[in-house]
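Letter by letter, the chains look like this.
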Amino acid sequence: MSKPIFNDYKDENLALEAVQKMKAKYSSTCIYVINPQPLDYQKMGSEEYGLPEKNVNYGKSQHEFQSRLIECGFKAQEVTQMEREIEPGTILVIVCA
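Asker: With reference to specific residues and values, describe the side chain of Glu-12.
Answerer: The topology assignment puts Glu-12 in helix H1 (residues 12-23). For the buried Glu-12, no salt bridge exists, and the shortest N-O distance to an oppositely charged side chain is 8.9 Å, to Lys-43.

Asker: Break down the pattern of salt bridges for me, citing the residues and quoting the values.
Answerer: The final tally for this structure, using the stated rule, is four salt bridges. When the shortest N-O distance is used, the salt bridge between Lys-10 and Glu-87 registers 3.2 Å. Of this pair, Lys-10 sits in the loop between strand S1 (5-9) and H1 while Glu-87 sits in the loop between helix H4 (76-85) and strand S4 (91-95), and the two are 77 residues apart along the sequence. Residue classification places Lys-10 among the partly exposed positions, given a relative accessible area of 45%. Here Glu-71 makes a salt bridge to Arg-68, at a shortest N to O gap of 3.3 Å.

Asker: Quick rundown of the state of the cysteines? Include the residues and the values.
Answerer: Under the criterion given, the structure shown has one disulfide. Note that Cys-72 is cross-linked by a disulfide to Cys-96, the S-S spacing being 1.8 Å. Around the S-S axis, the bridge from Cys-72 to Cys-96 shows a dihedral of about 70 degrees and counts as right-handed. Of this pair, Cys-72 sits in the loop between helix H3 (62-71) and H4 while Cys-96 sits in the segment after S4, and the two are 24 residues apart along the sequence. Looking at Cys-96, the relative accessible area reads 12%, which means it is buried. The thiol of Cys-30 is unpaired, and the distance to the nearest cysteine sulfur, on Cys-96, comes to 7.4 Å. By relative accessible area, which is 23% here, Cys-30 ends up partly exposed.

Asker: Would you mind going over the packing of aromatic side chains in detail, with residue names and values included?
Answerer: Following the criterion strictly, the structure yields one aromatic pair and no others. A centroid spacing of 5.5 Å and a plane angle of 70 degrees characterise the contact between Phe-6 and Phe-74, whose relative ring orientation is edge-to-face. Placement of the pair is Phe-6 in strand S1 and Phe-74 in the loop between H3 and H4, with a sequence separation of 68 residues.

Rules and cut-offs
- Residues numbered from 1 in each chain as written.
- Predicted model: local features only at pLDDT ≥ 70, side-chain atom pairs only at ≥ 80, totals over all residues.
- Heavy atoms only, no water.
- Helix = DSSP H or I, 4+ residues; strand = E, 2+ residues; numbered from the N terminus.
- Buried < 20%, exposed > 50% of the residue type's maximum accessible area, 1.4 Å probe, protein only.
- Lys, Arg positive; Asp, Glu negative; His and termini not counted.
- Salt bridge = Lys/Arg side-chain N within 4 Å of Asp/Glu carboxyl O.
- Disulfide = S-S within 2.5 Å.
- Phe/Tyr/Trp six-rings, centres within 6.5 Å; stacked < 30°, edge-to-face > 60°.

Next comes the structure, spelled out in structure tokens:
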């Protein structure tokens with residue numbers, strides 16, 4: 001498995017633009033949108049992003065957040081570091097190739 005590609009965004013519209021650009025290069029099944037600590041106004045779902053439901057994860061459990069990242073190819077140490085550094089409202093757009 002190759003190293004996942006990701007960017008983080010504070011704005012859902014910017015995350016949506018990134019997903020649309022990535023969909024031109026990658027299959028929708030390889031693109032994940034994860035927001036571990038969504039803010040009250042952050043409500044986009046799989047329909048808005050045009051991705052399978054399982055690929056959009058807003059505010060699920062910490063275990064599910066960790067599992068998704070590890071499934072995508074992140075190492076446990078990287079996941080732990082991301083958990084410490086991600087601020088509330090940060091949206092991760094990840095390509096798991």
